[in-house]
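Letter by letter, the chains look like this.
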Amino acid sequence: MTYPTIGPALTLDFANSKKLDNRIAFSRSSIGTYVDSSGLIKTAPVNVARFDHDSTGKPLGLLIEELRTNYIPNSTDFTGWSQVSGASIALSSAVTAPDGNTSSSLFTADDNTGYATVSYIIPGNTNAYLTLFVKAANESVFQLSSSRSTTMRGLFDMTTGLWSSTVGSADDYAAEAYPNGWWKLTVKGFIGGTSTIILYIAGPNITSAGTDAFYMWGAQVEHGSFPTSYIPTAGSTVSRSKDVAQITGTNFSSWYNQNE
């Protein structure tokens, strides 16, 4: 049996090749993050394509995203957040963060009243996604919310990897295990007016002042109907430009056959 010796005029196998065909013109006027083959979050420079993976290192192919803004001005340093109640927030180098560095914040409850918060006020009146990376210290259950009464609110257990006491559809909550004991949590909801993002350990979980604690990293609030890749911030909101990948002119006509 014989096989044809002529290959395809264009092969776009981004997941396996992890490179662009030289006929593809790519641009993005800002940096962008992606997950590498080790499950760590890395940064691609301006105009460099991103080949994404899931948290286990499975290749997902070329990452193409629209313009998005992270409205949390301090995505890893929570000591700069606007409101802290019943808790202490400190920068920590004790654990490896999801980007492979030691850049997380440690949330420690100061009392045993069952309620402690760190919060930041963000613009609302639109669909939004809240994303946060968390890692247990000696407390594994906490509540992630946009306020105490709106649709973005749920308890997450880092031991079981399950949500509970959620408000809204179960489809509004997602959790993905990352290397080094981290969880990536995503919550969907509609933020009416100006809302407050509140991260807190709730109910009976706070039992020991100065002991119950967990690590936080990579907070993101973005407007839109689906979540996108992490946009790092350090003191101000940051926008990631859209990815543009296109084949035009003779690069297109060289392989495309209108008659066929």
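Quick summary incoming for the structure in this document. (Residues numbered from 1 in each chain as written. Predicted model: local features only at pLDDT ≥ 70, side-chain atom pairs only at ≥ 80, totals over all residues. Heavy atoms only, no water.)

1. Overview of the overall build of the chain
When helices and strands are counted, the chain shows two helices and 20 strands. Considering only residue pairs separated by 6 or more positions, the chain has 66% of its internal contacts joining residues 24 or more positions apart. Of the roughly 12400 Å² of accessible surface on the chain, 51% is carried by carbon and sulfur atoms. (Helix = DSSP H or I, 4+ residues; strand = E, 2+ residues; numbered from the N terminus. Contact = heavy atoms within 4.5 Å. Areas by Shrake-Rupley, 256 points an atom, 1.4 Å probe, with all protein chains shown as cover.)

2. Let's talk about the pairing of strand E9 (residues 104-109)
Most of E9 is tucked away, with five of its six residues classed as buried. Here strand E8 (residues 87-92) runs beside E9; their pairing, made up of six bridges, is antiparallel. Pairing of Ala87 across the sheet is with Ala109, part of E9. Strand direction decides the pairing type here: E9 and strand E18 (residues 213-223), joined by four bridges, are antiparallel. Paired with Leu106 across the two strands is Tyr215, which belongs to E18. (Buried < 20%, exposed > 50% of the residue type's maximum accessible area, 1.4 Å probe, protein only. Pairing = 2+ DSSP bridges.)

3. Here's the deal with the pattern of salt bridges
Considering all chains together, one arrives at seven salt bridges under this definition. Here Arg50 and Asp243 are joined by a salt bridge, their closest N and O atoms 2.6 Å apart. A residue pair is termed long-range when its members are at least 10 positions apart, and Arg50 in the loop between strand E3 (41-44) and strand E4 (51-53) and Asp243 in the loop between strand E19 (238-240) and strand E20 (244-246) qualify at 193 residues. A residue is classified by how much of its surface remains accessible, and Asp243, at 6% relative accessible area, is buried. When the shortest N-O distance is used, the salt bridge between Arg68 and Glu222 registers 2.7 Å. Linking Arg68 in strand E6 (residues 68-70) with Glu222 in strand E18, this pair joins segments that are 154 residues apart in sequence. (Salt bridge = Lys/Arg side-chain N within 4 Å of Asp/Glu carboxyl O.)

4. A few points about the side chain of Asp21
With respect to the helices, strands and loops of the structure, Asp21 is situated in the loop between helix H1 (14-17) and strand E1 (25-27). Looking at Asp21, the relative accessible area reads 19%, which means it is buried. Polar contacts involving the side chain of Asp21 include one to the main-chain amide nitrogen of Arg23, which spans 2.8 Å. If near-sequence neighbours (up to four positions away) are discounted, Asp21 is found in contact with Leu10 and Leu12. (Polar contact = N/O pair within 3.5 Å; in protein donor to acceptor, adjacent residues only side chain to side chain.)

5. Overview of the nonpolar core
By size, the foremost hydrophobic cluster in this structure holds 25 residues, and its most contacted members are Leu132, Val134, Phe142, Leu144, Leu185 and Met216. Listing elements by their share of this core, those giving two or more residues are E8, strand E10 (115-122), strand E11 (126-136), strand E12 (141-145), strand E16 (182-191) and E18. The biggest single contributor to this core is E18, with four residues. With ten residues, the next largest nonpolar core counts Ile41, Phe133, Tyr215 and Tyr230 among its residues. (Core = buried A, V, L, I, M, F, W, Y, C linked by side-chain atoms within 4.5 Å.)

6. Some remarks on the environment of Phe133
Among the secondary structure elements, Phe133 is positioned in strand E11. Among the residues examined, Phe133 registers a relative accessible area of 1% and is labelled buried. Distance from Phe133 to Glu176, taken between C-alpha atoms, is 9.4 Å for residues 43 residues apart in sequence.

7. Looking at unusual backbone geometry
Here Lys18, not a glycine, exhibits a phi torsion of approximately 55°, which is positive. You can see Lys18 is positioned in the loop between H1 and E1. A positive phi angle, close to 65°, is found at Asn47, a residue other than glycine. When you line up the elements, Asn47 lands in the loop between E3 and E4.

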